[in-house]
Amino acid sequence: MLSEDTSGARAVPRTRELASHWVRFVDHGSGPTVVLVHGLMGTLHDWDPQIADLSAHFRVIAVDLPGHGESDKTPGDYSLSAHAATIRDLLVDLGVDSATMVGHSYGGGVSMQMLYLFPEMVDGICLIASGGLGQEVNPVLRAASMPGSGIAIPFAASSVVRGVLGGVLGALKGLRVFTMSAGDRRAWRNFASMSDAPTRRAFLSTARSVIDYRGQTVNATRLLSSFSDKRALLVWGDKDAIIPLAHAHSVRDQMPVGTVIEVVAGAGHFPHLDEPEQFASVFRTFMSSADEHAPPQVGA
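Residues numbered from 1 in each chain as written. Predicted model: local features only at pLDDT ≥ 70, side-chain atom pairs only at ≥ 80, totals over all residues. Heavy atoms only, no water.

(A) Spatial organisation of the side chain of His-272. Checked against the element boundaries, His-272 lands in helix H11 (residues 271-274). Residue His-272 is classed as buried on the basis of its relative accessible area of 0%. Setting aside anything within four residues of it in sequence, one finds His-272 in contact with Asp-46, Trp-47, Gln-50, His-104, Ile-128 and Phe-279. (Helix = DSSP H or I, 4+ residues; strand = E, 2+ residues; numbered from the N terminus. Buried < 20%, exposed > 50% of the residue type's maximum accessible area, 1.4 Å probe, protein only. Contact = heavy atoms within 4.5 Å.)

Here it is in structure tokens:
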């Protein structure tokens, strides 16, 4: 089933009731289907540049995972498997048989879980600064998994504290001591959602399902070699302070033959936002390999 031709139109989010949740999503463009999955605290708006660019070539579906954005935040299962099942249900509801999964950070873990649980629905996979490939993760996220974080987070995310921090950051920027990339600005806006109690509870449930005080607790590397027939691309910023670039290199031998690691110079944890044109070019090249017998040949 094809989406309606939306070339030239603006992508407008919609909501749909699935088996377990109401979810908000965008379904824009036509062509091979690409599903964009955001990370912790994120929303489908983390993909705005990609929705605008890629929908000229592909059918692009981006979703607010349950507990995020404007999707349901009811108490329940916020595991990787539950999120993968929600995406599966949405694709079935939209008449999509299979798609290329694109996951950022936690969304990379969800995308890999889609591949593991529903391999027939996954044509290929693009992991951007993905979780689930090693234990190391930023100490701030480790702290979020610990008892008491539910008290500290609303204080840190309050409008008063954010206002003070925003003023300090603005002053440092004015003095040219500090600059914020597009990814940094998106992360700052996403953090503001933690002032909302239902969103915060869902975040803590989600984070604690994959992170504890030692770091990431879920590792998919042993499973990757089982999917040698799938196309794969890894994209990472060389300045990523959340999940180290070393994770990408460490799993190269477990990835399908032909997998390429695209390192985005100067980018942080959101390389697709810091350098959206570079990401779009690399991703389009990756997708063009779908009709070829040879593995993708994109930049290293």
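(B) Geometry of helix H3 (residues 106-117). Look at H3: 17 Å from first C-alpha to last across twelve residues, which is about the 16 Å you get at 1.5 Å a residue. Extensive coverage of H3 is indicated by the burial of ten of its twelve residues. Looking at H3, one finds that the buried residues are Tyr-106, Gly-107, Gly-108, Gly-109, Val-110, Ser-111, Met-112, Gln-113, Met-114 and Leu-115. Looking at the buried side of H3, the elements it contacts are strand S3 (33-37), helix H2 (80-93), strand S5 (99-104), strand S6 (122-128), helix H8 (197-208) and helix H9 (221-224). (Expected span 1.5 Å × (residues − 1).)

(C) Structural detail: the packing of H2 against H3. In contact at an axis separation of 8 Å, H2 and H3 are set at 70° when each is read in the N-to-C sense. Taken together, the axis directions place H2 and H3 in an arrangement best described as roughly perpendicular. For the pair H2 and H3, the sense of crossing is right-handed. Of H3, the residues touching H2 (which contributes Leu-80, Ser-81, His-83, Ala-84, Ile-87, Arg-88 and Leu-91) are Tyr-106, Gly-109, Val-110, Gln-113, Met-114 and Leu-117. Residues of the contact of H2 with H3, tallied by class, amount to eight nonpolar, four polar and one charged. (Axes fitted to C-alpha atoms, helices over the stretch in contact; angles between N-to-C directions. Parallel < 35°, antiparallel > 145°, perpendicular 65-115°, else oblique. Left-handed = near helix turned anticlockwise from the far one by under 90°. Nonpolar A, V, L, I, M, F, W, Y, C, P; charged D, E, K, R; others polar.)

(D) Structural detail: the pattern of salt bridges. Per the counting criterion, the structure on display carries nine salt bridges. Arg-59 is paired through a salt bridge with Asp-27; the nearest N and O atoms lie 2.7 Å apart. Taken together, the residues span a long stretch of sequence, with Arg-59 in strand S4 (residues 59-63) and Asp-27 in strand S2 (residues 22-28) at a distance of 32 residues. Its relative accessible area of 3% is what places Arg-59 among the buried residues. A relative accessible area of 11% places Asp-27 in the buried class. (Salt bridge = Lys/Arg side-chain N within 4 Å of Asp/Glu carboxyl O.)

(E) Here's a closer look at the sheet that holds strand S1 (residues 14-17). If you walk across this open sheet you meet the eight strands as S1-S2-S4-S3-S5-S6-S9-S10, and the pairing is mixed. This sheet does not close on itself; its edge strands, each paired only once, are S1 and strand S10 (260-264). Sheet twist, expressed as the average angle between the axes of neighbouring strands with direction ignored, equals 25°. In terms of strand pairing, S2 meets S4 through four bridges, oriented antiparallel. (Pairing = 2+ DSSP bridges.)

(F) Looking closely at the pairing of S6. Summarising burial for S6: six of the seven residues are buried, a large majority. Considered for its hand, the β-α-β crossover made up of S5, H3 and S6 is right-handed. Examined bridge by bridge, S6 and strand S9 (residues 231-237) share five bridges and lie parallel to one another. Each residue of the ladder has a partner; that of Cys-126, found in S9, is Leu-233. (Right-handed = clockwise from strand over helix to strand, strands pointing away.)

(G) Structural detail: the packing of aromatic side chains. Within the structure shown, the criterion is met by three aromatic pairs. The interplanar angle of 80° and the centroid separation of 6.0 Å between the aromatic rings of Phe-58 and Phe-283 together place this pair among those described as edge-to-face. You can see Phe-58 sitting in the loop between helix H1 (48-54) and S4 and its partner Phe-283 sitting in helix H12 (residues 276-288), a full 225 residues away along the chain. Geometrically, the ring pair formed by Phe-283 and Phe-286 is tilted, given 5.9 Å between the ring centres and 45° between the ring planes. Of this pair, Phe-283 and Phe-286 are both found in helix H12, three residues apart, which corresponds to roughly one turn of the helix. Overall, the relative accessible area of 0% leaves Phe-283 in the buried class. What makes Phe-286 buried here is its relative accessible area of 0%. Above the plane of the ring of Phe-286 lies Arg-231, whose end atom (NZ or CZ) is 4.7 Å from the centre. (Phe/Tyr/Trp six-rings, centres within 6.5 Å; stacked < 30°, edge-to-face > 60°. Lys NZ or Arg CZ within 6 Å of the ring centre and 35° of its normal.)

(H) Up close: the side chain of Ser-71. You can see Ser-71 is positioned in the loop between S4 and H2. Reaching out from Ser-71, the side chain makes a polar contact with the backbone oxygen of Asp-64 at a distance of 2.6 Å. Not counting residues within four places of it along the chain, the set of residues in contact with Ser-71 comprises Trp-22, Val-23, Arg-24, Asp-64, Leu-65 and Pro-66. (Polar contact = N/O pair within 3.5 Å; in protein donor to acceptor, adjacent residues only side chain to side chain.)

(I) Broad picture of the environment of Ser-98. Note that Ser-98 resides in the loop between H2 and S5. Once the C-alpha coordinates of Ser-98 and Val-122 are considered, the two residues, 24 residues apart in sequence, prove to be 5.4 Å apart. A polar side-chain atom of Ser-98 sits 2.9 Å from a polar atom in the side chain of Asp-123.

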